Amino acid sequence: MGKWKVAVDRDACIGDGICASLCPDVFELDDEGKSVVTKEIIEDDLYDCVKEAVDSCPVSCITLEEA
Ligand code: SF4
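What this report covers is the structure whose coordinates are included nearby. (Residues numbered from 1 in each chain as written. Predicted model: local features only at pLDDT ≥ 70, side-chain atom pairs only at ≥ 80, totals over all residues. Heavy atoms only, no water.)

Scanning the chain from N- to C-terminus turns up 2 helices and 5 strands. Taken from N to C terminus, the helices and strands of the chain fall in the order β-α-β-β-β-α-β. Projected onto the principal axes, the alpha-carbon positions of the chain cover approximately 35 × 20 × 15 Å. Scored against the burial criterion, the 67 residues of the chain give a buried share of 30%. Accessible surface, the chain as shown: approximately 4100 Å² in total, 45% of it carbon and sulfur. Side-chain charges in the chain split into 6 positive and 17 negative, and the spacing between the mean points of these groups amounts to 4 Å. (Helix = DSSP H or I, 4+ residues; strand = E, 2+ residues; numbered from the N terminus. Buried < 20%, exposed > 50% of the residue type's maximum accessible area, 1.4 Å probe, protein only. Areas by Shrake-Rupley, 256 points an atom, 1.4 Å probe, with all protein chains shown as cover. Lys, Arg positive; Asp, Glu negative; His and termini not counted. Charge placed at Lys NZ, Arg CZ, Asp CG, Glu CD.)

With that settled, the discussion passes to the site of the ligand. In the vicinity of the ligand lie 13 residues, with C13, D16, G17, C19 and C57 positioned nearest. With respect to the detected pockets, the ligand is housed in the largest cavity. Split into classes, the residues belonging to the shell around the ligand amount to 9 nonpolar, 3 polar and 1 charged. (Near = heavy atom within 4 Å. 1 Å grid on protein atoms, 1.4 Å probe; cavity = no way out; pocket = protein on both sides within 12 Å on 5 of 7 lines; lining within 4 Å. Sits in = over half its atoms within 2 Å of the grid points. Nonpolar A, V, L, I, M, F, W, Y, C, P; charged D, E, K, R; others polar.)

Below you can see the structure in the form of structure tokens.
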């Protein structure tokens, strides 16, 4: 079982909420209307939805790397 670390570059985030829609267990929009990672270390069960968020983010500001 793998573990991955998820991060968002909040300076680049435009707050469209795509990541939070695709993967609400990992991303939320905060009071500033930007994405915040609520679960920084994920395992296999959340990998696919986070990967989809990475691929769908219009400004490519989500990173996913091996933890
Ligand atoms: S998909 Fe990207 S730009 Fe949109 S809210 Fe998430 S991190 Fe921000």
